[in-house]
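Architecture and fold: a report
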Amino acid sequence: MFKSLKRSAKGVAVPHDKATAGLATVQMPVPDRVVIPMSMHIGAPAEPTVQKGDTVQVGTIIGKAGGFVSANIYSSVSGTVEGIAPLRMVNGAMTTAVTIKTDGAQTVDPACVPPTVTDKASLMAAVQSCGLVGVGGAGFPTHVKLAANTIDTLLINAAECEPYLTTDCREMLECSDTIISGISAVMKYCEIPHCIIGIERNKPECIDLLCSLVRKMPGVTVKPLPMRYPQGAEKTLVETCTGREVPQVGPSGKPGLPADVGCVIMNVTSVSTLGKYLKTGIPLVSKRLTVEGDAIVKPQNIEVPIGTMYSDVIAACGGIKEDVPLGKIIFGGPMMGGAAPGADFPVLKQNNGLLLLSKAAAILPEPSACIRCGRCIEVCPMGLEPVAIAEAFNNKDFDVLKARCVDLCVACGSCSYACPAKRPVSQTMTLAKGWYMGELRKGGK
């Protein structure tokens, strides 16, 4: 498609601000209750399998996958089901959620036993039983990714290119054994001959550690990545690590995927979670978060039960500084994360950060007129033209949006970051892509 495009050379040089990289993960005290949504993944929501009054333990299934593109959901605590009710998520979507009153004991369900894996089918069953999704942010069910039979390269995304976030860094330093065992299992049972672990160069201790561990592993290499955001975007990662380009449209006629060029991507914490499940039988029930920002008392990496409310996480990190007015709560990183309207939302499987920013840090500069400098075009890792796309979107011109490949936007935020006029370029791109995809689904175009 873009024959001259080098996605790995585009993007922006964001400040990394990895102040918590050297802080070992701490375990959060068990909260009084958790609220666990049935939709923490791309695809169909899970169906609740418990009722009010039921006793549950850590690892008890409380939501059964609603289809192939879905994922099981498990209790992250031991206690009693208080209720099952509709919940408005932080992104505005509605789902069903199970509220559990904890007993503080964190008793593990006796059903949590290591799975027996002997071939690809049993590995897929284990991945589904784990409830594993892309925990780096996407939330795509992992077993769907691994089902492809055309893969020759496993790419481990350990770039962690977002500022502030250091959860993947801590996973590499603290859980390297399960990263290796997870990689070994996927390569062996999915018959994938090559694996590349991509780590941004601002994590030299992680690069050195993983290099030493994979030195004698056939087919496995560590690839230091440029310190240029967004190295973790899947199309950028594929090109940087393999030189291959994911097509705009795959052989199926649908948007191109890494599998179309023989690659499958797993986040480093996702593959580590699989390694832990194969060893212990305990499914995905907890999440490490980087809690950062100028408004939080104790910035740190903290492991919390899935379903813990933001307010409880904030309290466990010392709360908000007394002399600092809270301006914004961001879930995720500052480039691709979203702003939460409050602290009464639960931590999901795919959450990896909670940023508490003061009013001074959160204030947005007043946008001015576009000067058509082209910087948004220069930094776009997909080679798009945001200025032209914005004009086409304002005119609701489907054909121009199609010609400008708006569906390739990955919402990385590089365009907004680079814009000297401080315009909401990325937000406009997201709206344009959403409108275009909606029109495309109508089938009239």
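Preceding this section is the structure that the text describes.
Now for a quick tour of the structure. Note that the coordinates shown come from a computational prediction; the quantities given were computed from them, not determined experimentally.

1. Concerning the overall build of the chain
The helix and strand tally for the chain stands at 14 helices and 17 strands. Principal axes of the C-alpha set define a box for the chain whose edges measure 60 × 55 × 50 Å. Taking all 445 residues of the chain together, 53% fall into the buried category. Expressed as a percentage of contacts within the chain between residues at least 6 apart in sequence, the contacts between residues at least 24 apart total 72%. As displayed, the chain offers around 19,000 Å² of accessible surface, 55% of which is attributable to carbon and sulfur atoms.

2. A word on the side chain of Asp-109
When you line up the elements, Asp-109 lands in the loop between strand S8 (94–102) and helix H1 (120–130). Buried within the structure, Asp-109 lacks any salt-bridge partner; its nearest side chain of opposite charge belongs to Lys-64, at an N-O separation of 13 Å. Polar contacts involving the side chain of Asp-109 include one to the main-chain amide nitrogen of Ala-111, which spans 2.8 Å. Residues contacting Asp-109, with those up to four places away along its chain left out, are Gln-57, Val-58, Gly-59 and Thr-60.

3. Considering the layout of surface pockets
As a volume, the second largest pocket reaches approximately 1,300 Å³. In this structure, the second largest pocket is lined by 36 residues; those nearest its centre are Pro-334, Met-335, Leu-364, Ser-416 and Gln-427. Listing elements by their share of the lining of the second largest pocket, those giving two or more residues are strand S15 (326–331), strand S16 (338–340), strand S17 (353–358), helix H9 (359–362), helix H13 (414–418) and helix H14 (425–442). It is H14 that provides the largest number of residues to the lining of the second largest pocket, a total of five residues.

4. Digging into a nonpolar patch on the surface
Taken together, the side chains of Ile-42, Phe-68 and Val-69 present a nonpolar region at the surface, about 260 Å² in accessible area. Within the element layout of this structure, Ile-42 appears in the loop between strand S2 (33–37) and strand S3 (47–48). Under the relative-accessibility criterion, Ile-42 is labelled partly exposed at 42%.

5. Some details on unusual backbone geometry
Look at the link from Tyr-229 to Pro-230: it is a cis peptide, with omega at 5°. Even without being a glycine, Tyr-164 presents a positive backbone phi close to 75°. By secondary structure assignment, the location of Tyr-164 is in the loop between strand S9 (153–158) and helix H3 (167–174).

6. Here we look at the sheet that holds S8
The strand order S2-S8-S7-S4 describes an open sheet built from four strands, whose pairing is antiparallel. Bordering the open sheet on either side are S2 and strand S4 (55–56), each of which pairs with just one other strand. As defined by bridge partners, S2 adjoins S8 across five bridges and the pair is classed as antiparallel. Bridged to Arg-33 within S8 is Lys-101.

7. Digging into the pairing of strand S13 (residues 286–292)
Counting buried positions over the seven residues of S13 gives six, a clear majority of the element. Pairing between S13 and strand S14 (residues 300–305): six bridges, direction antiparallel. Paired with Ser-286 across the strands is Pro-305, a residue of S14. Sheet analysis places S13 next to S17, joined by three bridges and oriented parallel. Each residue of the ladder has a partner; that of Thr-290, found in S17, is Gly-353.

Conventions we followed
Residues numbered from 1 in each chain as written. Predicted model: local features only at pLDDT ≥ 70, side-chain atom pairs only at ≥ 80, totals over all residues. Heavy atoms only, no water. Helix = DSSP H or I, 4+ residues; strand = E, 2+ residues; numbered from the N terminus. Buried < 20%, exposed > 50% of the residue type's maximum accessible area, 1.4 Å probe, protein only. Contact = heavy atoms within 4.5 Å. Areas by Shrake-Rupley, 256 points an atom, 1.4 Å probe, with all protein chains shown as cover. Lys, Arg positive; Asp, Glu negative; His and termini not counted. Salt bridge = Lys/Arg side-chain N within 4 Å of Asp/Glu carboxyl O. Polar contact = N/O pair within 3.5 Å; in protein donor to acceptor, adjacent residues only side chain to side chain. 1 Å grid on protein atoms, 1.4 Å probe; cavity = no way out; pocket = protein on both sides within 12 Å on 5 of 7 lines; lining within 4 Å. Points joined across faces, edges and corners; volume = space filled by probe spheres on them. Patch = residues over 30% accessible without salt bridge, like charges linked within 9 Å, V, L, I, M, F, W, Y side chains within 5 Å. Pairing = 2+ DSSP bridges.

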